[in-house]
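Given next are the chains, with one letter for each unit.
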Amino acid sequence: MAIPDARVAPAARVLPHVLVSVELNPGGSATIKANAKTLVTPTGSADGGQPRGKIVKANLLKKSDPASLGFDPSRLQCAQGLLEQHVSENKYEGCQIAVARHGSIVLDKTYGTCPDISKRGAPKDDTLFRMRSITKTFTAAVIWSLVEEGKLSFFDHVIDYIPEFAANGKEGVTLYHLMTHQAGFPNVDVTKHGWADHKKMREEICAYLLEFAPGTRIAYHRFSAHWVLAAIIEQVTGKDFRDVMRERIFVPLGIEDEMFVGLPDQEHDRVAREHSPPGRLGVPIDFITLENTAEWYRSGHPAGGGVATARSLVTFFQMLGNGGEIGGKRLFSRRMIEYVTRVHTGDRLNELVHDNIPEVASYGLGVFVRGKQLDMRTYGSLASPTTFANGAGLNGIAWSDPETGVSLAYLNNSYFPTKRWIYGEMEKLSNIVYSAVL
């Protein structure tokens, strides 16, 4: 079944918010009357971050003083100091951080002044940063919702929905295999011809070749598995998976203006382009050109093509950490969140890792779970065993700790040649936030 690509003519897409009038208030805020509702939009973030570049919809998270939510403000200042240091030392050109607890956001800050970070200039509070592999969690979340509606089971075989996927001996692959990186084809991907033409995409995933028998090994499927999940979503719903994600996740959370999987062309100037110049951290690597293109932004690659602000990302992870509900909006049952955020792979090792450093897989269904492993540094050595997360390649992280109710999202615009430095810095950042809880 061919799904039409709504992004082929992205200029024709209309964002769902129509502004009727704007009145300037004393102090620089603006009163906006939109769709019969009145919204007041401040000129900057709650703690004096960069000014906004455009008017955005109010977030479901309330804005609260850190101390009122049980945080030590001085410790959160340490987190800000670490990111200021990164920018001042040219580790990257810009970043965002958002910290929330119990349905309230206590830190929402943008850093960087580089005029070349995006087509429109220096980063602002609505600048979009690459989510990379955190996108996988959103593709998985659509699967969760379809399971809750009885339209799918995690243990269904792919061929139950796409019979031709049986080619090359893949008839045994299940959705569970795909979501736990056990499907057997970790090193393949869909070509860019299939990004917009989903009939071509479907043909390409059906032509995948197995590298090992499904379920026998764990090897991180960087790109391949989530294209298969996307095709299943399209088969079951009859819609483009990117539109399904927007309808089921982004719109209900009120983050559809700050999170995109499949970015319309008129929003491309908001993207913080990734920079990996030669000599960064002393190791020369090529500039990432393919993933700084309109084709890539528009594709909404289901394993790594999403873009977002940190505050929109922390809204989603707060919802998960709160058992599937936030701000009066319930997206998932508490039982579903408990199921997908438990460890499903035991103490087995992930065989496909960065820097050839073995690590325990610790996979849930769409997230990593901290567990009791000593080497899960990225999410903070101080994290509780129930903390779950996902990482944006080597340029960001998002996590939620159900025990404390705290969530963090951090995104920057660089891709580092080695995980050693950035993993260490993300551990420091996470540990600071954990230790800020009184």
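A word on the pattern of salt bridges
Consideration 1: Summed over the entire model, instances satisfying the criterion amount to 19 salt bridges.
Consideration 2: Residue Asp108 is joined to Arg311 by a salt bridge in which the shortest nitrogen-to-oxygen separation is 3.2 Å. With Asp108 in strand β6 (residues 104–111) and Arg311 in helix α9 (residues 310–321), the pair connects residues that are 203 residues apart, well separated along the chain.
Consideration 3: Given the relative accessible area of 6%, Asp108 is considered buried.
Consideration 4: In the salt-bridge network here, residues are joined through shared partners; they are Arg120, Asp126, Glu267 and Arg270.

Considerations on the pairing of strand β5 (residues 95–101)
Consideration 1: For β5, the tally of buried residues reaches seven of seven residues, placing the bulk of the element in the interior.
Consideration 2: On β5, burial covers both faces: Cys95, Ile97, Val99 and Arg101 on one face and Gln96, Ala98 and Ala100 on the other are all buried.
Consideration 3: Pairing analysis gives seven bridges linking β5 to β6, with the strands arranged antiparallel. Bridge pairing in β6 links Ala100 to Ile105.
Consideration 4: The hairpin formed by β5 and β6 contains two residues between the paired strands, and His102 there has a positive phi angle of roughly 50 degrees.

Comments concerning unusual backbone geometry
Consideration 1: Of note, Arg132 is a non-glycine position whose phi angle comes to about 45 degrees, a positive value.
Consideration 2: Within the secondary structure, Arg132 is located in the loop between β7 (129–130) and α2 (135–148).
Consideration 3: Positive phi is not limited to glycine here, since Asn168 has a value of about 65 degrees.
Consideration 4: Here Asn168 is to be found in the loop between α2 and α3 (175–179).

Observations regarding the side chain of Thr315
Consideration 1: Relative to the elements of secondary structure, Thr315 occurs in helix α9.
Consideration 2: Look at Thr315 and you get buried, because its relative accessible area is 0%.
Consideration 3: Residues contacting Thr315, with those up to four places away along its chain left out, are Asn59, Leu61, Leu253 and Ile255.

Description of the environment of Ala409
Consideration 1: Looking at the element boundaries, Ala409 is found in strand β17 (residues 406–412).
Consideration 2: For Ala409, a relative accessible area of 0% gives the class buried.
Consideration 3: Separated by 96 residues in sequence, Ala409 and Leu313 have C-alpha atoms that sit 6.1 Å apart.
Consideration 4: Setting aside its immediate chain neighbours within four residues, Ala409 contacts Gln96, Ile97, Ala98, Ala310, Leu313, Val314, Ile397 and Ala398.

Considering the packing of α2 against helix α7 (residues 241–253)
To describe two helices that pack against each other, one gives the angle between their axes and the distance between the axes.
Consideration 1: Between α2 and α7, the least distance of the axes is 10 Å, while the angle of their chain directions is 85 degrees. By the angle class used here, α2 and α7 are roughly perpendicular. Contacts between α2 and α7 involve Phe138, Thr139, Ala141, Val142, Ser145 and Leu146 on the former and, on the latter, Val244, Met245, Arg248, Ile249 and Phe250.
Consideration 2: Among the residues making up the contact of α2 with α7, the classes are represented as eight nonpolar, two polar and one charged.

A word on the pairing of β17
Consideration 1: Among the seven residues that make up β17, seven are buried, leaving the element largely enclosed by the rest of the structure.
Consideration 2: Relative to β17, β5 is paired through seven bridges, and the arrangement is antiparallel. Opposite Ile97, over in β17, you have Tyr410 as the bridge partner.
Consideration 3: By the bridge criterion, six bridges tie strand β16 (residues 396–401) to β17 in an arrangement that is antiparallel. Residue pairing in the sheet places Ile397 in a bridge with Tyr410 of β17.
Consideration 4: What sits between the antiparallel neighbours β16 and β17 is a turn of four residues, in which Gly405 has the positive phi angle 80 degrees.

Some thoughts on the sheet that holds strand β14 (residues 368–369)
Consideration 1: With respect to topology, seven strands assemble into an open sheet ordered β4-β6-β5-β17-β16-β15-β14, the strand pairing being mixed. Looking at which strands have only one partner, the edges of the open sheet turn out to be β4 (62–63) and β14.
Consideration 2: Strand contacts of helix α11 (residues 419–435): β5, β16 and β17, with the helix running at about 150 degrees to β17, the strand carrying the most contacts.

Quick word on the sheet that holds β7
Consideration 1: Taking strand neighbours across the sheet as the criterion, the three strands line up as β7-β9-β8 in an open arrangement whose pairing is antiparallel. Single-partner strands in this sheet number two, and they are β7 and β8 (259–260).
Consideration 2: Examined bridge by bridge, β8 and strand β9 (residues 307–308) share two bridges and lie antiparallel to one another. Among the inter-strand pairings, Met259 is bridged to a residue of β9, identified as Ala308.

Basis of the calculations
- Residues numbered from 1 in each chain as written.
- Predicted model: local features only at pLDDT ≥ 70, side-chain atom pairs only at ≥ 80, totals over all residues.
- Heavy atoms only, no water.
- Salt bridge = Lys/Arg side-chain N within 4 Å of Asp/Glu carboxyl O.
- Helix = DSSP H or I, 4+ residues; strand = E, 2+ residues; numbered from the N terminus.
- Buried < 20%, exposed > 50% of the residue type's maximum accessible area, 1.4 Å probe, protein only.
- Pairing = 2+ DSSP bridges.
- Contact = heavy atoms within 4.5 Å.
- Axes fitted to C-alpha atoms, helices over the stretch in contact; angles between N-to-C directions.
- Parallel < 35°, antiparallel > 145°, perpendicular 65-115°, else oblique.
- Nonpolar A, V, L, I, M, F, W, Y, C, P; charged D, E, K, R; others polar.

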